[in-house]
There are 2 protein chains.
Amino acid sequence: MEDSLRIGLAGLGTVGTGVLRNLSEHRSLLKERCGKEIRVVAVSARSRHKDRGIDLGSIEWEDDPVSLASRDDIDIFVELIGGENGPAKTSIQAALGAGRHVVTANKALLAHHGHLLAELAESHGVCLRFEAAVAGGIPIIKVLTEALAGNRFTRIAGVMNGTCNYILTRMEAAGLAYDEVFAEAESLGYLEADPNLDVGGIDAGHKLSILSAIAFGTRIDFDSVTLEGIQRVSIADIEYAAELGYRVKLLGLAQMNDEGLQQSMQPCLVPASSPLGQLEGADNMVVVTGEPVGQIVLRGAGAGEGPTASAVVGDIIDIARGGSGLALGRPCATLSTPAISADTGISAFYLRLDLVDQPGVMAKVASALAGAGVSIDRMRQKSHRNLSAPVLIVSHPVASSAIDQALIAISDTGVCTDPPVALRIESG
Amino acid sequence: MEDSLRIGLAGLGTVGTGVLRNLSEHRSLLKERCGKEIRVVAVSARSRHKDRGIDLGSIEWEDDPVSLASRDDIDIFVELIGGENGPAKTSIQAALGAGRHVVTANKALLAHHGHLLAELAESHGVCLRFEAAVAGGIPIIKVLTEALAGNRFTRIAGVMNGTCNYILTRMEAAGLAYDEVFAEAESLGYLEADPNLDVGGIDAGHKLSILSAIAFGTRIDFDSVTLEGIQRVSIADIEYAAELGYRVKLLGLAQMNDEGLQQSMQPCLVPASSPLGQLEGADNMVVVTGEPVGQIVLRGAGAGEGPTASAVVGDIIDIARGGSGLALGRPCATLSTPAISADTGISAFYLRLDLVDQPGVMAKVASALAGAGVSIDRMRQKSHRNLSAPVLIVSHPVASSAIDQALIAISDTGVCTDPPVALRIESG
């Protein structure tokens, strides 16, 4: 490497433009901090002549990101194209194969091909860094792989999709239904081109699968993430949860237990006074539990030009300083393929049962719960609406299989006017 | 460096013992993560035969930490003796001088001699790392020097002394006076041998001075930190602040403005719903504001065996992996000596005036405030107690000099039964 570090950057959308702007505006500060100048040599993007509000002046242009990735005069290839296949993947493979370091923000690509790419980086002795791929400006990758590397992690929990958290907190604040807030979010441009990536929990699930691999030393296994989006979260449940002292979050959770690795991304209740419960708006938060550190909470913007550019440039600086970390914090050969555990451990559950308004109904419900071994911590019956009365139940901690069994038994008695709702309650 | 990394560890108190335990219990995990075995070769402490609940078995003993620091068979000297001078300082100097890397948790030493030691490390081409010195298990040093190195920082704010936060939140929760909770904390062993280090804000001030040097690229300047402890925070003000939607925190604040660097550690009000306002108990929190990342919040245990050991071991792992970071994130020669700014910028203030119960008093207060250019955002007069009536005022944002001037003018009118109280209101 020379006195300057030479960058080839593919993808000039919001983030790519933000990275260029940051490298240019903070040029002297960055040189002081990493001892060499960071210079963008060449870029590639779909449209050469689009006005991006920045001067590409002396930067060379490549039409093909793979050609850019293979240039002899770059030290780092920065991939900000996106997409789990296509040019993002082929250009990163070309760069790593040519012995170039790679920095990417591409969570979908890593969730699906991260292991392959990490092996490629390792075999060529170069860095593959992706701080920007998870939780935007929050430096969770570095914190897990480096700062907390002395810990045995027991649990990673987090809100990792700002759009979902925006929708859920906005529903609660304004008392609006999901569809109304979804439409608002769409009109504000908060959603991905395929909104299901956001509201279906897929984007957040990609991020979770990357974090759990790093935390537990396993191969990235996105396919084993239990995924449920926020589309069926009702304003009624958000309001009932609030009454009971909880907030509804699209909660990512990764835990290693005796059975194996358990990963889920699904709507859960967390105490309103907990760090995750207090998280409003589009911020992300990751709660790391490890031994001996205890609990560390990180919060910040999970997306957007500035936060994402901060993460990308942080990775570039690390490489400029000679950092040599392995992509997943340890050699790929040591990463295990754990059993997939469906066991989420025991936890309390929130149940909402809309019951027909008839004598003897509560007795049937209570007996179905007891039969499944579900014990009631708190119960509230709300006043009748139309022909049914919503009953809210907070269970004592119990296995989710017991809850499933109880719900079937309750449904079988024919006392519900609507399908019962069950949401896990997690510490936040 | 060989296939194993050899440690000499001085100081076997809670933290030293915790580090030994962590290195031993996580031996194979650590080897996987950093590619070499971490081995404690020799230790030093005051008392050789004290029962520490761990087996020092094959570890050699040195009576003198300076001899330990100079041994040929260690790669890293870990200083956990404490104290801003004496053996901590001389042994670190010996280690750096002998070309050994140093890891320390000693905030007092760094606040006073950090620049000297960083220069020594730099000139010998070795690492000086001190993640554990600030905010315990929270990896704020690494986050500022590495993860967020692409940012221009504008503000560092934080609660950095868990004991003070415990006392303040316990006062509010139990409605107890400072002296009562102080006695409780003392009996629980929460306080330093010299309690003024905690409640006088000195310990937290040490930490702030280290963070602000890293964030703003300046020499560490603890002497310029405006220091005020929590000893004069009254339960009355805590309760009035809560009524107005605020919490009282011992708040560290570092900002660079046109005049220079402003550092303060003093009781302030923050909105109860803000991240800092929600921080209860003995946790620490640091809020970093930078461009382009925006705001990043980190929270965790600020002290204790586990969290501190996690930070020390994280530094050791970085060195084992060949990390070569500069102590303060950039070369010492580039660190500036900024002007000291007393200007805290404008902020809202909370004022409590205990006024004599006479006609015309409020007119005098209002006129004194107006004369000093202080404009009132909210005001509440409480019912009379004895001969005086407390009046609470939240000002619009204003320079602290205007508040000082207003308080003098108010006092001069002779309407106060007690000295007026003024506390800054900061965003949290």
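This text gives an overview of the structure that appears in the document. (Residues numbered from 1 in each chain as written. Chains lettered and ligands numbered in written order. Predicted model: local features only at pLDDT ≥ 70, side-chain atom pairs only at ≥ 80, totals over all residues. Heavy atoms only, no water.)

### Some details on the packing of aromatic side chains
All names here are of chain A.
Here's step 1: According to the stated counting rule, one finds 4 aromatic pairs over all chains in the structure shown.
Here's step 2: Ring geometry for tyrosine 166 against tyrosine 190: centres 4.9 Å apart, planes inclined by 80°, an arrangement best described as edge-to-face. With tyrosine 166 in helix α7 (residues 162-174) and tyrosine 190 in the loop between α8 (178-187) and α9 (196-199), the pair connects residues that are 24 residues apart, well separated along the chain.
Here's step 3: On the accessibility criterion, tyrosine 166 (14% relative accessible area) is buried. (Phe/Tyr/Trp six-rings, centres within 6.5 Å; stacked < 30°, edge-to-face > 60°. Helix = DSSP H or I, 4+ residues; strand = E, 2+ residues; numbered from the N terminus. Buried < 20%, exposed > 50% of the residue type's maximum accessible area, 1.4 Å probe, protein only.)

### Here we look at the sheet that holds strand β3 (residues 60-61) of chain B
Residues and elements named next belong to chain B.
Here's step 1: Strand order in the open sheet formed by 6 strands is β3-β2-β1-β4-β5-β6, with parallel pairing between adjacent strands. Each edge of the sheet is formed by a strand with only one pairing partner; in this case those strands are β3 and β6 (128-129).
Here's step 2: Sheet analysis places strand β1 (residues 4-10) next to strand β2 (residues 37-44), joined by 7 bridges and oriented parallel. Bridge pairing in β2 places leucine 9 opposite valine 43. (Pairing = 2+ DSSP bridges.)

### Some thoughts on the pairing of strand β14 (residues 376-381) of chain A
Within a regular strand, side chains alternate between the sheet's two faces.
Residues and elements named next belong to chain A.
Here's step 1: Bridge analysis of β14 against strand β15 (residues 388-395) gives 5 bridges, and the strand direction is antiparallel. Looking at β15, one finds that methionine 379 is bridged to isoleucine 393.
Here's step 2: The antiparallel pairing of β14 with β15 creates a hairpin that spans 6 residues between the two strands, and asparagine 386 there sits at a positive phi of about 55°.

### A look at empty space enclosed by the protein
Here's step 1: Counted under the stated rule, the structure contains 8 cavities of 30 Å³ or more.
Here's step 2: Approximately 90 Å³ is the volume attributed to the largest cavity.
Here's step 3: Looking at the lining of the largest cavity residue by residue, the classes come out as 6 nonpolar, 2 polar and 2 charged. (1 Å grid on protein atoms, 1.4 Å probe; cavity = no way out; pocket = protein on both sides within 12 Å on 5 of 7 lines; lining within 4 Å. Points joined across faces, edges and corners; volume = space filled by probe spheres on them. Nonpolar A, V, L, I, M, F, W, Y, C, P; charged D, E, K, R; others polar.)

### A few points about the interface of chain A and chain B
Here's step 1: At the interface, 47 residues of chain A touch 47 residues of chain B.
Here's step 2: Interface of chain A and chain B: buried area, both sides summed, is about 3,900 Å²; carbon and sulfur atoms make up 48% of it.
Here's step 3: Of all residues in chain A, the largest losses of buried area upon contact with chain B belong to A:Glu32, A:Arg33 and A:Arg299, amounting jointly to 15% of the total for that side.
Here's step 4: For the pair chain A and chain B, the interface holds 4 salt bridges.
Here's step 5: For A:Arg330, the salt bridge is made with B:Glu32, and the minimal N-O distance between the two is 2.3 Å.
Here's step 6: Linking chain A with chain B are 22 residue pairs in polar contact (both at pLDDT 80 or more), by the criterion used here.
Here's step 7: Those elements that provide at least two residues to the side of chain A that touches chain B are α1 (14-25), α2 (27-34), α6 (140-147), β7 (152-159), β12 (294-301) and α12 (305-320) of chain A.
Here's step 8: Each residue belonging to the side of chain A that touches chain B can be placed in one class, and the counts come to 21 nonpolar, 15 polar and 11 charged.
Here's step 9: Here 3 bridges tie β12(A) to strand β12 (residues 294-301) of chain B, and the two strands are oriented antiparallel to one another. (Contact = heavy atoms within 4.5 Å. Buried area = accessible area lost by both parts, 1.4 Å probe. Salt bridge = Lys/Arg side-chain N within 4 Å of Asp/Glu carboxyl O. Polar contact = N/O pair within 3.5 Å; in protein donor to acceptor, adjacent residues only side chain to side chain.)

### Overview of the pattern of salt bridges
Here's step 1: Inspection of the entire model under this criterion finds 52 salt bridges over all chains.
Here's step 2: In this structure, A:Arg247 and A:Glu172 form a salt bridge, with 3.1 Å as the shortest nitrogen-oxygen distance. Of this pair, A:Arg247 sits in strand β9 (residues 246-257) while A:Glu172 sits in helix α7; the two residues are 75 residues apart in sequence, bridging distant segments of the chain.
Here's step 3: Classification of A:Glu172 by relative accessible area gives partly exposed; the value is 25%.
Here's step 4: Here the salt bridges share partners, and the residues they tie into one network are A:Arg129, A:Lys142, A:Glu146, A:Asp315, A:Asp318, B:Arg129, B:Lys142, B:Glu146, B:Asp315 and B:Asp318.

### Thoughts on helix α13 (residues 361-371) of chain B
All names here are of chain B.
Here's step 1: Along α13, the residues classified as buried are Val361, Val365, Ala368 and Leu369. The buried residues of α13 all sit within an arc of 100° when viewed along its axis, so they share a single face. Exposed positions of α13 whose direction lies more than 90 degrees from the buried face are Ala363, Ala370 and Gly371.
Here's step 2: Where α13 ends, the next residue or the one after it, glycine 373, has phi of about 80°, a positive value. (Arc of directions from axis to C-beta.)

### Considering unusual backbone geometry
Note: most residues except glycine have negative phi, and most peptide bonds are trans.
Residues and elements named next belong to chain A.
Here's step 1: That bond from glutamate 291 to proline 292 is cis: its omega, 20°, falls within 30 degrees of zero.
Here's step 2: Residue placement: proline 292 occurs in the loop between β11 (283-291) and β12.
Here's step 3: For alanine 135, which is not glycine, the phi dihedral falls at a positive 60°.
Here's step 4: By the secondary structure assignment, alanine 135 is in the loop between β6 (128-129) and α6.

### Regarding the relation of the copies chain A and chain B
Here's step 1: Once turned by 180° and shifted 0.0 Å along the axis, chain A lies on chain B with an RMSD of 0.0 Å. The transformation relating the two chain copies, once decomposed into turn and shift, fits a two-fold axis. Minimal C-alpha separation from the rotation axis in chain A is found for A:Leu298, amounting to 2.4 Å.
Here's step 2: By residue overlap, the copies meet face to face through one surface: 100% of the interface positions of chain A are interface positions in chain B. (Least-squares fit on C-alpha atoms with pLDDT ≥ 70 in both.)

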